[in-house]
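Here are the chains, one letter per residue:
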Amino acid sequence: MLQGRDRNWPRATVARLLFSRSQRSPWPRRATPSLFSKQKVRVQRKSSMSPSLGSSQEVYDVVVLGAGYAGMMAALRLGRRRLGLRVALVNGSEQFVERVRLQESMVAPVKPRIASLSRYLRRTNVQFIRARVLSLDPVRNMVTIEEDGSPRTIAFEQLIYALGSHVDTDNAPGALQHAFRLDPGEDPRSAAALRAALHALAGCSARVLAVGGGPLSVEAAGEAKSTWPNMSVTLLSLTSAGDFSSAKVQSVVRRDLTRLGVELVDNERVIEIESNVVNTASGRRFPFDICIWAAGMRAPPIATQAGLEVDAQDRVVVGTDLRSVSHPAILAVGDSAHPNGPTGAPFRASALAAAVSGVYAAEQVIARNQGRLIRPFSFSTFAQAVAVGRFAALFPLDANDHQMLFVLGGRAASVLRSILIWLVLHFITFERLLPGVQTWPGRKRAAAPSASQKSADRPDVQLKAGR
Ligand SMILES: Cc1cc2nc3c(=O)[nH]c(=O)nc-3n(C[C@H](O)[C@H](O)[C@H](O)COP(=O)(O)OP(=O)(O)OC[C@H]3O[C@@H](n4cnc5c(N)ncnc54)[C@H](O)[C@@H]3O)c2cc1C
């Protein structure tokens, strides 16, 4: 049988690290309420001075990194007062960025529907920290953040990694320097900078080149041509533009892009971007005034730098319990996660996958707290919509993400897409209003743990690294 000190290893480790100088732990061994015991957990918030950083350090039961769809859902589910968990949510901005509307910000700033996260989370147990995550130490269970220009560390027992993704510029030389991308923030190549560049050229028949054949570049090219019809907009694809679901979807997307006047160039592999020209492997050169790079996404490098097992896009490799396979006290969700087993529907980057994986990760943490095992993560898809400027393609999906029945295009689909996007935001609103009530399609697709698993697969043992 495991001894108390083994069961409480994360808290004991943190306590040792924080109080080793004085040899005084704030949690006497016998009296320590384990996060994984069945008893209700007391709120824990302890401070100590960090000699290296010269700033105060806090200990949380759960730290959530990133307040996108995934991080918000996780934090809200964990922030229920009756759970008594001390939860911190760290995010770079005070506003909630609806990434699904970033292409709209090419034209005008998108008014945030959640303008102040600290106000939004006021009545929950979630401590919002507006800060940039600098690094993660998965051995000492600590995160270094930069808040108001000063670095400090916070400690955690479990961490939910929800830092999302950004456009991958590593896959073509020159993309970082010479192309814009649909990323939020103040970077000189961000969506806001792209908007300024497009407005500056609004009167001229500028050449806009969008690279990538997936939904992101389709949305970028469609938005540019819809708003500035006098610009010449070209969509350059490695395979065939719009080839991300079924042939039916592709034909509607291509039809609407062509109706808008976007020129489609297929089967061109970009090898280099110069200041005003894109070179492809076939030897063709595509001159541009504005290039929008939208050929692939990758997660932030923080997990990779921390030594977690990651894939080629820096996403954390997780099991079907969404725990890191190398560091199980860390869970990864949304665009930053790469589950290494079946998840029902394929786990592609989407607001739905982000939101439901966020809720599941919170449920995992709560289950550990209560000494329970829960079934692996799974979900089902039901619809997808892609904006094509003033048009859109909207289509029902079966549980496994395959398009079925029909594909709606044109203006009607665009209106329905706006409603769908609004509904996605209301996953979050609803979770805040009635925390813990919301469920999701396909959550029972994976088998529940059997009685023998329950006894063999003890939660307290599983959390140790290298299980
Ligand atoms: C233009 C565009 C259109 C899209 N359209 C659709 C659509 O129609 N439907 C759909 O399902 N999906 C769509 N997507 C994909 C969808 O937006 C993502 O899959 C989803 O946002 C992922 O959610 P997330 O919570 O994992 O990450 P994010 O939403 O990216 O959130 C991550 C959060 O972490 C924060 N963060 C990152 N790094 C740091 C750091 N170092 N320090 C502090 N904070 C940090 C970010 O600021 C952000 O708040 C679209 C994406 C784009 C770019």
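About the thresholds
Residues numbered from 1 in each chain as written. Predicted model: local features only at pLDDT ≥ 70, side-chain atom pairs only at ≥ 80, totals over all residues. Heavy atoms only, no water. Near = heavy atom within 4 Å. Polar contact = N/O pair within 3.5 Å; in protein donor to acceptor, adjacent residues only side chain to side chain. Areas by Shrake-Rupley, 256 points an atom, 1.4 Å probe, with all protein chains shown as cover. Helix = DSSP H or I, 4+ residues; strand = E, 2+ residues; numbered from the N terminus. Domains from an automatic or database assignment. Pairing = 2+ DSSP bridges. Axes fitted to C-alpha atoms, helices over the stretch in contact; angles between N-to-C directions. pLDDT = per-residue confidence, 0-100. Contact = heavy atoms within 4.5 Å. Salt bridge = Lys/Arg side-chain N within 4 Å of Asp/Glu carboxyl O. Buried < 20%, exposed > 50% of the residue type's maximum accessible area, 1.4 Å probe, protein only. Expected span 1.5 Å × (residues − 1). Parallel < 35°, antiparallel > 145°, perpendicular 65-115°, else oblique. Left-handed = near helix turned anticlockwise from the far one by under 90°. Nonpolar A, V, L, I, M, F, W, Y, C, P; charged D, E, K, R; others polar.

Attention shifts here to the site of the ligand. Near the ligand lie 31 residues; those nearest to it are Asn-91, Arg-99, Val-133, Asp-335 and Ala-351. Within the contact set of the ligand, an oxygen atom lies 2.8 Å away from a side-chain nitrogen or oxygen of Asn-91. Taking Ser-350, its main chain carries an N or O atom lying 3.1 Å from an oxygen atom of the ligand. Surface burial for the ligand is 85%, taken as the share of its 1,000 Å² of free accessible area covered by protein chains. Looking at the shell around the ligand, the elements with two or more residues in it are α3 (69-78), β5 (132-137), α7 (215-227), α10 (351-369) and α11 (410-433). For the shell around the ligand, the two domains that each supply at least three residues are domain 1 (4-165 + 299-379 + 444-462) and domain 2 (168-297).

Take the sheet that holds strand β11 (residues 263-265) next. The four strands are arranged β11-β10-β9-β15 in an open sheet whose pairing can be described as parallel. Each of the sheet's edge strands pairs with one partner strand only, and the pair in question is β11 and β15 (290-293). Mean inter-strand twist for the sheet, computed between neighbouring axes without regard to direction, equals 20°. Sheet topology note: the strand β9 (residues 207-211)/β15 ladder contains four bridges and is parallel. What sits directly across from Ala-210, in β15, is Ile-292.

Further remarks concern the sheet that holds strand β14 (residues 285-287). Strand pairing within a sheet occurs via backbone hydrogen bonds; the two strands may be parallel or antiparallel. Pairing is antiparallel across the open sheet formed by three strands, whose spatial order is β12-β13-β14. The open sheet has two free edges, formed respectively by β12 (270-273) and β14, since each of these has just one partner strand. Between one strand and the next, the sheet's axes are offset by a mean angle of 20°, whatever the strand orientation. Where strand β13 (residues 277-280) meets β14, three bridges bridge the pair, whose relative direction is antiparallel. From the neighbouring strand, Val-277 faces β14, where its bridge partner is Pro-287.

So, about the confidence of the model for the protein. Across the protein, the average pLDDT comes to 86, with 84% of residues at 70 or higher. Here residues 1-55 scores under 50 on pLDDT; set against residues more than four positions off or in separate chains, the count is 109 contacts.

Further remarks concern the pattern of salt bridges. If charged atoms from side chains of opposite charge come close, those side chains can pair. Taken as a whole and assessed by the stated rule, the structure comprises 24 salt bridges. Glu-58 is the salt-bridge partner of Arg-152, the closest N and O atoms lying 3.7 Å from each other. With Arg-152 in strand β7 (residues 150-161) and Glu-58 in strand β2 (residues 55-65), the pair connects residues that are 94 residues apart, well separated along the chain. Assessed through its relative accessible area of 10%, Glu-58 is described here as buried. Of the charged contacts in the structure, one is a salt bridge between Arg-254 and Asp-266, with a shortest N-O distance of 2.8 Å. With Arg-254 in helix α8 (residues 247-260) and Asp-266 in the loop between β11 and β12, this pair connects stretches of sequence that are 12 residues apart. For Arg-254, a relative accessible area of 22% translates into the label partly exposed. Look at the salt bridges and you will find they share partners, linking Glu-98, Arg-101, Glu-104 and Arg-113 into a network.

Moving on: unusual backbone geometry. Phi is positive for Asn-141, close to 55°, though the residue is something other than glycine. Within the chain, Leu-322 stands out as a residue other than glycine whose phi angle is a positive 65°. The residue Leu-322 is located in the loop between β17 (316-318) and β18 (330-332) in this model. On the basis of relative accessible area, Leu-322 is assigned to the buried category, the value being 0%.

With 24 residues, α11 ought to run about 34 Å at 1.5 Å a step, and its terminal C-alpha atoms sit 35 Å apart, in line with that. All of the buried residues along α11 are Gly-410, Ala-413, Ser-414, Arg-417, Ile-421, Val-424, Leu-425, Ile-428 and Glu-431.

This part is about the pairing of β5. Across five bridges, the pairing between β5 and strand β6 (residues 142-147) is antiparallel. Bridging from a neighbouring strand, Ser-135 pairs with Thr-144 of β6. If you look at the hairpin formed by β5 and β6, you'll find four residues sitting between the two strands, and Asn-141 has a positive phi there, around 55°.

By the element assignment, Glu-363 lies in helix α10. Each C-alpha atom, one on Glu-363 and one on Arg-77, is 7.8 Å from the other, the two residues being 286 residues apart in sequence. If sequence neighbours within four positions are ignored, Glu-363 has contacts with Arg-77, Arg-80, Ile-374 and Arg-443.

Let us now look at the packing of α3 against α11. Packed helices, taken two at a time, are described by their axes: the angle between them and the distance between them. Contact geometry of α3 with α11 gives a least axis separation of 9 Å together with a crossing angle of 15°. Here α11 runs roughly parallel to α3, going by the angle between their axes. The element α3 and its partner α11 pack so that their crossing is left-handed. Along the contact surface, α3 presents Tyr-69, Met-72, Met-73, Leu-76 and Arg-77, while α11 presents Val-424, Phe-427, Ile-428, Glu-431 and Arg-432.

With that out of the way, let us pick up the packing of α3 against α10. Closest axis-to-axis distance for the α3/α10 pair is 7 Å, and the angle between their directions is 30°. By the angle between their axes, α3 is roughly parallel relative to α10. The way α3 lies across α10 gives a crossing that is right-handed. For the pair formed by α3 and α10, the contact residues are Tyr-69, Ala-70, Met-73, Ala-74, Arg-77 and Leu-78 on the first element and Ala-351, Ala-354, Ala-355, Gly-358, Val-359, Ala-362, Glu-363, Val-365 and Ile-366 on the second. Taken together, the residues of the contact of α3 with α10 sort by class into 12 nonpolar, one polar and two charged.

Bringing the side chain of Ser-336 into the picture now. Note on placement: Ser-336 falls in the loop between β18 and β19 (337-339). In this structure the side chain of Ser-336 is engaged in a polar contact, spanning 2.9 Å, whose partner is the backbone oxygen of Gly-164. If near-sequence neighbours (up to four positions away) are discounted, Ser-336 is found in contact with Tyr-161, Ala-162, Leu-163, Gly-164, Ala-299, Pro-300, Arg-315 and Val-316.

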